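Letter by letter, the chains look like this.
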Amino acid sequence: MLAGDLETGISVHEYARTALRLTGLMGVNSQMDPLDFLTNEDLLLFLRRKKTEISCMDQPHTFLTQLRDHDLLSEEMYQKVKTMRSREQKQRGVYGVLDWVEIKRSQCMHRFWGSMFKDHILQLYPTLRLLRNNLMDGSFKFNEKHLDAEALPEKENDEGKHEKAKEKKRARKRKTDDGSGEDSDGPGPSSASTPARKKSNKKLSFSSPVKKGDAEEIWKWTLFKTQLPVTCGQQEGSLHRDRLARGEECIFAKGRWFTPSAFEQFGGKESCRNWKCSIRCRKTPLKKLLEEGHLQCPHMKRSKRTCVLNNAPVPSSASSTESSSGESESSAGTEEERDAADFEEQGGAEGGTEFRGRVEEEEEEDMDNLSVFQAPTLPVTCVSLTGTLHKYRFSSGLRGKCIRTDESWLTPEEFVRQEEALTDANWRRDIQCHGKTLNFLLKKAILCIHSLLCGCEKCSDNERDLLAQRNDDVCYECYSDGNLVCCDECPRAFHGACHLPAITGDSPHEKWMCTFCVLRTSQQWCDPSHVTQQEALKLPVSSQNRLYCHYLLLYMYREDVQRVFVQDPCKTVRRYSEFVAQPMWLDRIKLKLEGKKYQTVGDFVSDFQLIFSNCSTFNKDNEFGKMGARLKDLFDKEFQKIFTIQ
C-alpha cells in the first residue's frame, strides 16, 4: 500500500480490490501479480464459494491437466476423473477435485488461482473469466458474515433496539425541521424516511478511492507510473508509457503487443481512424492525457506507402508484383524484407490506417462485415489448391506452417509454390480467403506478421520446433490435445487409445505410420480386384480386410464431429431404450472389432447400418436425424470405394 493511500485510512480489502481492478488489465508482462494483494485465506474463501460454478464447466480436460501440471492434483485422481463419460459424472468429479484441493492444497491458493487465470485457460473457459472479473472488480465480499453470525445479534437486546430506533427517529425529525435534508422542498413523509436523504452520525468509514463510474486521475498514481489500463470498444489492455514514448508497440492485450492504431482495429473502432480519441483510460481519451503531458508520444511521419500513382515507381517494401521474374523478389532475403516492412506497417505509425492505396481500396469495396474472418481457421485457395489456414500458427510468409492440406502443413510461401500454374507466385496476392487476398487480411489485422526478431516457437529455427510444426496439434479423431503420437508420413496425430489399432505403451521409437497411410501404401502395391457388394460382405475380417475395417471406423469417428454416435445413447438420451430395441454406437463397434467378435465384413457393416436405422427411427427428420443420414451416405460411399465394389 502506498504512503499516500495510508493517510486516507483505506482498509486492506478495499485497497486490494481497487488494485485488483486496475492492475488486472496489465497482462502477463505486468510488474505485479494482482493476486498478491490478497491473502491465502481470502483466496481459499473464494474457492469455497465458487466450487459449484467451476464444476459446471464444459470439457474440463484441459482444466484438469493444468491442475496436474502445477502439482495441484494427484495422478490417481486425474485418471479417475478423466475416465468419466457423462456430463453429470464429470461435474461430480470436478467438484470432488475442488474439494480435494481445498482440503489438501489449502496453503497453495495463490498457485491454484494463478494457474487458473493463465491466458490459455481463460480463453477456453468463460466461467473462469467471469470469476476472475468477479474477484478483480470488487463485487466479491471477503468480509461478509455467515448467516448464523448475522442472525445472532437480531435476537439480543430487543429493548436496546427499540431505544436506538426511537433515538434515530428523533434525530431524523430534528434534521427535517432544520431543513438539512438534501434537495428537500418541504416536510413530507419521504423527506424524513428516505435513507438516501439522511446524514448519519455513524463512525466515519472509508471505501475504495475509485468507485464505479468515477473518472479518477489514476494516471497520476505512483501505482501506474509505468503502465495504464486502457480500453477500446470491448477490448482491454495495458499501455506501457515508455514504449509509447519511443514509438514502439506499447499496448499489451490478449497475449500480444499492439501499436495504438492496431489496438484501435482490434477493438473494432477502425472507422474512427483516430486512436487518441477511441482508446481510453478510465473513460478519459488518451488525447487529453497527451495534451496535459501525462503521456509522451513522438511525432509520427506519414507512411510513404500510401498511393500507387500511374507513373510512380513502386517502393521495394510494397507488395508489388510488377518486378520481372527471376529477380531478387522471389528470394528468401527479399521475402524477409517484405515481411519486415509489413510488420512495420501493421504496427506502424499514428494514422497508419488513414492512408490507403488504390489496390487496398478496391479490396475493401463491399466488405464492411468482417465476421467471416473471425473463425480460428479459414478456408484458403490458390488457383487449384485448397487448404485450411490456422490463424494461431501464422507468423509470416516464410515462417510458421499455418496452412493444412490433406498431405502436409505448409507456410504461405510453400503453399503457393505447390501451384505449378503460377510463374510469379506471391502469397499475399495469390492466396485467397472468402474472395479476399491475404494482403487484405494483413491490412485488417486479421493476420499479424511477427517481427524478424521474434523468438516464439512458430518463428524458431530450432529443429525440434520445426519438427513439431509438421503435425497436427490435436488428435485427428477426437479433436482434443494431450499426449499425441505423430505419424511420420502425414500431418495426422492421435491419442494412443483413439487410433486403430490402439497404440499401447510409450510412443513408437521407430518410424510410425497411421492406418490412413498404411492403407494408402498398401493400395499402391496391390492390384485392384473388383468385387460385388455381396462378395465383399462375405469376406472374412482378417489381415487386409481388418485394415479396411479399421479405416472405415476411424473415418466415422472423424466425421462425427459432435460425438453424437460415439457413446451408448441409452445413458445420454432420455427414454431412448423405450423406442430402440437394439442400441448400437461407435465405441461398441470398436470393442467388438478389437476383440475379434466379427467373423465377416457383413457383420461389421450390419452394426453400422443398425446405428443409422436407430437414428432414423428415434430422430425422424430433426437435426440429429439429418446428421445420421449424412453419415450413412458417407459410410456407403467410402465402403464401396475401399472395397472397390463394382
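Quick look at the structure, then. No experiment lies behind these values; they were computed from the predicted model shown.

Let us now look at the packing of helix H23 (residues 515-525) against helix H25 (residues 544-559). Closest axis-to-axis distance for the H23/H25 pair is 10 Å, and the angle between their directions is 135°. By the criterion of interaxial angle, the relationship of H23 to H25 is oblique. When the axes of H23 and H25 are compared, the crossing they make is left-handed. Mapping the contact onto sequence places Thr515, Phe516, Val518, Leu519 and Ser522 in H23 and Gln544, Leu547, Tyr548, His550, Tyr551 and Leu554 in H25. Grouping the amino acids of the contact of H23 with H25 by side-chain chemistry returns 7 nonpolar, 4 polar and no charged.

With that settled, the discussion passes to the state of the cysteines. One pass over the structure, following the stated rule, counts 0 disulfides. Note on Cys475: no disulfide assigned, nearest cysteine sulfur contributed by Cys478 at a separation of 3.8 Å.

Let's shift gears to helix H6 (residues 87-104). Look at H6: 25 Å from first C-alpha to last across 18 residues, which is about the 26 Å you get at 1.5 Å a residue. Turning to H6, its buried residues are Gly93, Val94, Val97, Leu98, Trp100, Val101 and Glu102. At its buried positions, H6 is contacted by helix H3 (40-55), helix H4 (61-69), helix H5 (75-82) and helix H7 (109-116).

Let's shift gears to the packing of aromatic side chains. Within this structure, the stated rule accounts for 25 aromatic pairs. Ring centres 6.4 Å apart and planes at 40° place the aromatic pair Phe263 and Phe266 in the tilted group. Within this pair, Phe263 and its partner Phe266 are both found in helix H14 (residues 260-266), separated by 3 residues, close to a single helical turn. For Phe263, a relative accessible area of 0% translates into the label buried. For the cation-ring pair, Arg256 lies above Phe266, with the distance from its terminal atom to the ring centre recorded as 5.4 Å.

We now examine the pattern of salt bridges. Between side chains of opposite charge, pairing is possible as soon as their charged atoms come close. Applying the stated criterion across every chain, the model contains 18 salt bridges. For the salt bridge of Lys592 with Asp607, the shortest nitrogen-to-oxygen distance reads 2.9 Å. In this pair, Lys592 sits in helix H28 (residues 586-594) while Asp607 sits in helix H29 (residues 601-619), placing the two residues 15 residues apart along the sequence. Among the residues examined, Asp607 registers a relative accessible area of 8% and is labelled buried. Each member of the salt-bridge network shares a partner with another, and the members are Arg48, Lys51, Asp99 and Glu102.

What follows covers the nonpolar core. Residues Leu553, Leu586, Phe604, Phe608, Phe639 and Phe643 are the most contacted members of the largest nonpolar core, which totals 47 residues. Among the secondary structure elements, those contributing two or more residues to this core are H23, H25, H28, H29 and helix H30 (623-642). The biggest single contributor to this core is H25, with 10 residues. Setting aside its immediate chain neighbours within four residues, Leu586 contacts Leu553, Met556, Tyr557, Asp560, Phe565, Val566, Phe608 and Ile611. Among the nonpolar cores identified, the runner-up in size contains 33 residues, and Leu43, Phe46, Cys108 and Met116 belong to it.

Our focus in this paragraph is the side chain of Thr405. Relative to the assigned elements, Thr405 resides in the loop between strand S9 (403-404) and strand S10 (409-410). Taking the relative accessible area as the measure of exposure, Thr405 reaches 11% and is therefore buried. Discounting chain neighbours no more than four positions away, the residues touching Thr405 are Thr386, Leu410, Phe415 and Pro491.

The rules we used
Residues numbered from 1 in each chain as written. Predicted model: local features only at pLDDT ≥ 70, side-chain atom pairs only at ≥ 80, totals over all residues. Heavy atoms only, no water. Axes fitted to C-alpha atoms, helices over the stretch in contact; angles between N-to-C directions. Helix = DSSP H or I, 4+ residues; strand = E, 2+ residues; numbered from the N terminus. Parallel < 35°, antiparallel > 145°, perpendicular 65-115°, else oblique. Left-handed = near helix turned anticlockwise from the far one by under 90°. Contact = heavy atoms within 4.5 Å. Nonpolar A, V, L, I, M, F, W, Y, C, P; charged D, E, K, R; others polar. Disulfide = S-S within 2.5 Å. Expected span 1.5 Å × (residues − 1). Buried < 20%, exposed > 50% of the residue type's maximum accessible area, 1.4 Å probe, protein only. Phe/Tyr/Trp six-rings, centres within 6.5 Å; stacked < 30°, edge-to-face > 60°. Lys NZ or Arg CZ within 6 Å of the ring centre and 35° of its normal. Salt bridge = Lys/Arg side-chain N within 4 Å of Asp/Glu carboxyl O. Core = buried A, V, L, I, M, F, W, Y, C linked by side-chain atoms within 4.5 Å.

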